[in-house]
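# Breakdown of the fold
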Amino acid sequence: STANVSEDDAPNRYSRTERATYSRYSRDANSSGSSLPSNTLEKKIEELERELAKERQENARLMKMTQDKEELIGKLKEEIDLLNR
């Protein structure tokens, strides 16, 4: 059941990351003026996409670590129960 909770939270984390990325991008675009060349915008989009991919990879790594630790906790609880009997 813990895996389902993590999966349900995943879209919220991504959307929060994307919102933060978008707001940062919007500030950069507004501060530079609206006449940015499309080449500059394309480079910025590519940079943001790479950053997003890295964040998603890190998120997946952390989710895997959490799942592994939850499994270990479950095994240790079972072992404690056996020892208590």
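Residue indices follow the written sequence of each chain, beginning from 1 at its first position. For this predicted model, a pLDDT threshold of at least 70 governs which residues receive local features, and a threshold of 80 or more governs which side-chain atom pairs are given and counted, while totals over whole chains, interfaces and linings are taken from all residues. Processing note: side-chain calculations cover all non-hydrogen atoms of the structure and skip hydrogens and water entirely.

Taking 1.5 Å as the rise per residue, helix 2 (residues 38–84) with 47 residues should run 69 Å; its terminal C-alpha atoms sit 68 Å apart, in good agreement. Turning to helix 2, its buried residues are Lys44, Leu48, Leu52 and Asn59. Counting from the N terminus, the helices are the DSSP runs of H or I reaching at least four residues and the strands are the DSSP runs of E reaching at least two. The span one expects for a helix is its residue count, reduced by one, times 1.5 Å. Note on exposure labels: buried denotes an accessible area under 20% of the residue type's maximum, exposed denotes more than 50%, and partly exposed covers the range between, all computed with a 1.4 Å probe on protein chains only.

A few words on the pattern of salt bridges. Only one rule defines a salt bridge in this text: a Lys or Arg side-chain nitrogen within 4 Å of an Asp or Glu carboxyl oxygen. Evaluated as defined, the whole model comprises two salt bridges. Between glutamate 58 and arginine 61 there is a salt bridge, with the nearest N and O atoms lying 2.8 Å from each other. Of the two residues, glutamate 58 and arginine 61 are both situated in helix 2; the distance of three residues between them amounts to about one turn of the helix. Judged by its relative accessible area of 33%, glutamate 58 falls in the partly exposed class. Arginine 61 sits in the partly exposed class, given a relative accessible area of 42%.

What follows covers the confidence of the model for the chain. One number per residue, pLDDT, summarises how confident the predictor is, and it ranges from 0 to 100. Confidence in the prediction for the chain averages 79 pLDDT; 59% of positions are at 70 or higher. Here residues 1–8 is modelled with pLDDT under 50, and outside its nearest four sequence neighbours on either side it reaches three contacts, counting other chains as well. In what follows, residue pairs with any heavy atoms lying within 4.5 Å of each other are defined as contacts.

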